[in-house]
Amino acid sequence: MIRKIMCAASLLLAAVAVSAEDEQAKLPFSKAVRVGDMLYLSGELGAKPGTMALVPGGIGAETRQTMDNIKATLEANGSDMDHVVKCLVMMADIKEWAAMNEVYRTYFENRFPARSAMGANGLALGARVEIECLATVKK
């Protein structure tokens, strides 16, 4: 009986949503939600942390900031880039694929996660790229 109660409590605690600070905290979604050993990250843009301002410099700079934001969210929630299992990349212009990919690949040392990509019309804030990821938490 105690084990069932503990299990139920851990599932409830694991589903706690994590939100950003400052301007981003006002948005109606969580940066990450943990369910069991899985971490579900919302789509991330190349915005400076805590702001609604994209970094200048185009697709390369936005991709770097996006990946830095993902890395920070993972680390704040008991995971890291080595535990990412799947990413979805959405791009305002799929012709910028090579430039995005050049930066993206530098964030994974041991293996690349599964990935899907698509061109998208009208990303938030006029972003060039948005990336969402799924990861496991470190044990």
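Just above, that's the structure.
Described below are features of the structure shown in this document. For clarity, every value in this text was computed on a predicted model and none was experimentally measured.

With a phi close to 60 degrees, Leu125 is a non-glycine residue in the positive phi region. Relative to the helices and strands, Leu125 is located in the loop between strand S5 (114-119) and strand S6 (129-136).

With respect to the helices, strands and loops of the structure, Asn77 is situated in the loop between helix H2 (58-76) and strand S4 (84-91). By relative accessible area, Asn77 is classed as buried at 13%.

What follows is about the environment of Thr51. Among the secondary structure elements, Thr51 is positioned in the loop between strand S3 (38-41) and H2. According to the relative accessible area criterion, Thr51 is partly exposed, its value standing at 22%. A distance of 2.8 Å separates the side chain of Thr51 from the backbone oxygen of Lys48, its partner in a polar contact.

What follows is about the packing of aromatic side chains. The way to describe two aromatic rings as a pair is by their centre distance and the angle between their planes. Under the counting rule described, the total for this entry stands at 2 aromatic pairs. Each ring, one from Tyr104 and one from Phe108, has its centre 5.1 Å from the other, and the planes form 50 degrees; the classification is tilted. Owing to a relative accessible area of 2%, Tyr104 belongs among the buried residues under this scheme. Judged by relative accessible area, which is 7%, Phe108 ranks as buried.

Summarising the element assignment, Phe112 is placed in the loop between helix H3 (97-104) and S5. For the pair formed by Phe112 and Met81, sequence separation is 31 residues and the distance between their alpha carbons is 9.5 Å.

Take the packing of H2 against H3 next. Interhelical geometry of H2 versus H3 gives an angle of 35 degrees and a closest axis separation of 9 Å. Between H2 and H3 lies a crossing of right-handed hand. For the pair H2 and H3, the contacting residues are Ile59, Gly60, Thr63, Arg64 and Met67 in the first and Ala99, Met100, Val103 and Tyr104 in the second. Looking at the contact of H2 with H3, its residues break down into 6 nonpolar, 2 polar and 1 charged.

About the criteria used
Residues numbered from 1 in each chain as written. Predicted model: local features only at pLDDT ≥ 70, side-chain atom pairs only at ≥ 80, totals over all residues. Heavy atoms only, no water. Helix = DSSP H or I, 4+ residues; strand = E, 2+ residues; numbered from the N terminus. Buried < 20%, exposed > 50% of the residue type's maximum accessible area, 1.4 Å probe, protein only. Polar contact = N/O pair within 3.5 Å; in protein donor to acceptor, adjacent residues only side chain to side chain. Phe/Tyr/Trp six-rings, centres within 6.5 Å; stacked < 30°, edge-to-face > 60°. Axes fitted to C-alpha atoms, helices over the stretch in contact; angles between N-to-C directions. Left-handed = near helix turned anticlockwise from the far one by under 90°. Contact = heavy atoms within 4.5 Å. Nonpolar A, V, L, I, M, F, W, Y, C, P; charged D, E, K, R; others polar.

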